[in-house]
Amino acid sequence: MSLRVAVLVSGEGSNLQAILDSVHGRDGIEVVAVASNRPDARGLERARAAGVDTATFEAGEHPDRAARDGAMAHWLEERGVELVVLAGFMELLTPGFVRSFAGRILNVHPSLLPAFPGLHALQQAIDYGARVAGVTVHFVDEGVDTGPVVLQESFSLPYAAGIAEVEHTAHALEHELLPRAVRLFAEGALTPDPDNPRRVLVREGADVGH
Ligand code: GRF
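A brief structural summary. Fair warning: this is a prediction, and the values are worked out from it, not measured in the lab.

Between Leu113 and Pro114 the backbone carries a cis peptide bond, its omega angle lying at 15°. Here Pro114 lies in the loop between β5 (105-109) and α5 (121-128). Not every positive phi belongs to a glycine, and Phe116 is a case in point at roughly 50°. Judged by relative accessible area, which is 17%, Phe116 ranks as buried. One non-glycine residue, His120, lies in the positive phi region at around 55°. By the secondary structure assignment, His120 is in the loop between β5 and α5.

In structure tokens form, the structure reads like this:
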């Protein structure tokens with residue numbers, strides 16, 4: 001098994017760190033590129049510390065977002081990237097980029113999709129008065145947090161919980177689910193259900209972490 005992985009980050013990069021710590025360099029999985037839309041993203045430092053190639057693609061430095069995404073796709077393709085992982089990448093990717101890596105982009109989102117897509121998902125869940133929250137890893141399509149679900153887990157949302165506590169719980173779950181999804185992809189254990197392309201079949205026995 002071998003898989004060349006790229007991770008896109010905009011900020012802290014704790015999910016990138018979880019991937020570097022738990023799947024990078026194991027069983028043929030290699031993080032070969034980390035890109036950001038922001039030069040100050042801490043995730044870039046984490047990548048450099050792990051000896052991974054980095055680059056910044058700021059929207060403002062290209063004529064438009066499609067051109068920026070095209071340059072980023074080109075940079076990833078040059079490195080032979082087979083899977084793109086969005087780990088706190090806070091911009092929408094244009095359809096051309098999604099098509100370049102169709103079925104090969106994963107995202108992690110801190111809600112039980114389709115509930116609370118978009119920004120500030122945990123705060124949305126708290127404000128709504130939801131009793132459970134969760135984390136979803138999904139394939140990326142051209143919509144906002146709409147692609148087929150790969151892994152999803154819930155946790156209870158205590159009534160008085162503050163955002164910091166809830167973020168802590170969600171992050172811990174993200175750090176477990178996202179590397180697990182990368183490993184499943186590398187094993188070829190994820191396939192679209194031929195009867196319903198919205199559904200992802202996980203090969204039986206493959207998801208040992210569950
Ligand atoms: C995560 O909560 C992710 O779900 C959201 O942005 C956050 C990124 O955290 N989209 P980090 O940069 O991986 O620490």
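Now for the packing of aromatic side chains. According to the stated counting rule, one finds four aromatic pairs in the structure shown. A centroid spacing of 5.7 Å and a plane angle of 65° characterise the contact between Phe116 and Tyr128, whose relative ring orientation is edge-to-face. Residue Phe116 is located in the loop between β5 and α5, and its partner Tyr128 is located in helix α5; the two are separated by twelve residues in the primary sequence. Note on Tyr128: relative accessible area 67%, which makes it exposed.

Turning to the packing of helix α1 (residues 14-22) against helix α2 (residues 42-49), a few remarks are in order. At their nearest, the axes of α1 and α2 sit 9 Å apart, and the two run at 15° to each other. When the interaxial angle is binned, α1 and α2 end up roughly parallel. Crossing handedness for the pair α1 and α2: right-handed. Judged by residue contacts, Ser14, Leu16, Gln17 and Leu20 of α1 engage Gly43, Arg46 and Ala47 from α2.

Each value, and the rule that gives it
Residues numbered from 1 in each chain as written. Predicted model: local features only at pLDDT ≥ 70, side-chain atom pairs only at ≥ 80, totals over all residues. Heavy atoms only, no water. Helix = DSSP H or I, 4+ residues; strand = E, 2+ residues; numbered from the N terminus. Buried < 20%, exposed > 50% of the residue type's maximum accessible area, 1.4 Å probe, protein only. Phe/Tyr/Trp six-rings, centres within 6.5 Å; stacked < 30°, edge-to-face > 60°. Axes fitted to C-alpha atoms, helices over the stretch in contact; angles between N-to-C directions. Parallel < 35°, antiparallel > 145°, perpendicular 65-115°, else oblique. Left-handed = near helix turned anticlockwise from the far one by under 90°. Contact = heavy atoms within 4.5 Å.

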